[in-house]
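# Examination of the molecular architecture
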Amino acid sequence: QVQLVESGGGLVQPGGSLRLSCAASGSIFSINAMGWYRQAPGKQRELVAVVTSYGTTNYADSVKGRFTISRDNAKNRVYLQMNSLKPEDTAVYYCKALLKPTAGTYFTDYWGQGTQVTVSS
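Residues numbered from 1 in each chain as written. Predicted model: local features only at pLDDT ≥ 70, side-chain atom pairs only at ≥ 80, totals over all residues. Heavy atoms only, no water.

### Looking at the overall build of the protein
This is how the line gets drawn: Under the DSSP-based scheme used, a helix requires at least four consecutive residues in state H or I and a strand at least two consecutive residues in state E, with every element numbered from the N terminus. Both definitions apply: the radius of gyration is a C-alpha atom measure, and the globule rule equals 2.2 Å times residues to the power 0.38. Buried means the residue's accessible area, taken with a 1.4 Å probe over protein chains only, is under 20% of the maximum for its type, while exposed means over 50%, and partly exposed covers the values in between.
Within the protein one finds zero helices and 11 strands. Helices and strands appear in the protein in the N-to-C order β-β-β-β-β-β-β-β-β-β-β. Against the globule reference of 14 Å for 121 residues, the protein gives a C-alpha radius of gyration of 14 Å, in line with a compact fold. Its C-alpha atoms give the protein principal-axis dimensions of about 50 × 25 × 25 Å. Out of the 121 residues belonging to the protein, those deemed buried represent 39%.

Structural data, given as structure tokens:
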């Protein structure tokens with residue numbers, strides 16, 4: 001079984017920073033892309049940032065220049081450094097990994113349970 005566990009969410013004032021972490025564990029043969037998504041109340045889940053196994057990154061326009069995604073391949077972890085946070089960044093943040101549990105399987109998306117980020121004064 002594969003588990004993705006997020007941590008680091010919380011309440012922060014506008015302009016503040018948070019660092020999210022996500023650890024993938026269990027039966028993992030290979031991980032391709034890892035990324036962060038978010039879902040605000042009443043809205044659809046959206047991509048925040050993604051990083052491939054080669055280190056290529058992609059960001060939503062709304063977070064470019066403020067958020068930084070990074071990855072530790074040896075530890076199967078992905079991080080999201082969030083700076084200059086705004087109230088509109090408030091959402092549940094989910095970690096996603098595109099991975100193969102074993103050598104004979106296809107790459108499949110696995111999701112974490114999410115961590116709440118609230119930006120408010």
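### So, the environment of glycine 16
Heads up, the condition is: The contact criterion used is simple: two residues touch if any of their non-hydrogen atoms lie within 4.5 Å.
Along the chain, glycine 16 turns up in the loop between strand S2 (10-12) and strand S3 (18-26). On the accessibility criterion, glycine 16 (17% relative accessible area) is buried. Linking glycine 16 and leucine 85, residues 69 residues apart in sequence, is a C-alpha distance of 5.5 Å. With residues near it in sequence (within four places) discarded, glycine 16 still touches Met82, Asn83, Ser84 and Leu85.

### Looking at the nonpolar core
Put simply, the rule is: To define a nonpolar core, start from buried Ala, Val, Leu, Ile, Met, Phe, Trp, Tyr and Cys residues and group those joined through side-chain atoms within 4.5 Å.
Counting residues in hydrophobic clusters, the biggest one holds 30 residues, and the most contacted among them are Trp36, Leu80, Met82 and Tyr93. Mapped by element, the contributors of at least two residues to this core are strand S1 (2-7), S3, strand S4 (30-39), strand S5 (46-51), strand S7 (67-72), strand S8 (77-82), strand S9 (91-100) and strand S11 (115-119). Considering every element that reaches this core, the biggest residue donor is S9, with five residues. Discounting residues that sit within four places of it in the chain, tyrosine 93 has contacts with Glu6, Leu20, Trp36, Tyr37, Arg38, Val48, Phe67, Leu80, Met82, Gly114, Thr115 and Val117.

### Here we look at the packing of aromatic side chains
Selection criterion: Classification of ring pairs rests on two measures: the distance between centres of Phe, Tyr or Trp rings, Trp counted by its six-membered ring, which must be within 6.5 Å, and the angle between planes, read as stacked under 30 degrees, edge-to-face over 60 and tilted in between.
Per the stated rule, a full pass over the model turns up two aromatic pairs. Their ring planes at 65 degrees and their centres at 5.0 Å tell us that tyrosine 37 and tryptophan 111 sit as a pair that is edge-to-face. Linking tyrosine 37 in strand S4 with tryptophan 111 in strand S10 (residues 108-111), this pair joins segments that are 74 residues apart in sequence. Using a relative accessible area of 37% as the deciding quantity, one classes tryptophan 111 as partly exposed. Measuring from ring centre to ring centre gives 6.5 Å for tyrosine 94 and tryptophan 111, while their planes differ by 80 degrees; the resulting arrangement is edge-to-face. Of the two residues, tyrosine 94 is situated in strand S9 and tryptophan 111 in strand S10; the sequence distance between them amounts to 17 residues. Here tyrosine 94 falls in the buried class, since its relative accessible area comes to 13%. Three or more aromatic residues joined by ring pairs form one cluster here, namely Tyr37, Tyr94 and Trp111.

### Describing the sheet that holds S1
The test is simple: In this analysis, strands are considered paired if DSSP registers two or more bridges between them. Think of each axis as a best-fit line through the C-alpha atoms, taken over the contacting stretch in the case of a helix, with angles from 0 to 180 degrees between the N-to-C directions.
Ordered by their spatial adjacency, four strands build an open sheet running S1-S3-S8-S7, and the pairing between neighbours is antiparallel. Only two strands of the sheet have a single partner each, and these edge strands are S1 and S7. Across the sheet, the axes of successive neighbouring strands diverge by a mean angle of 15 degrees, strand direction being ignored. Pairing analysis gives six bridges linking S7 to S8, with the strands arranged antiparallel. Directly across from isoleucine 69, in S8, lies its bridge partner leucine 80.

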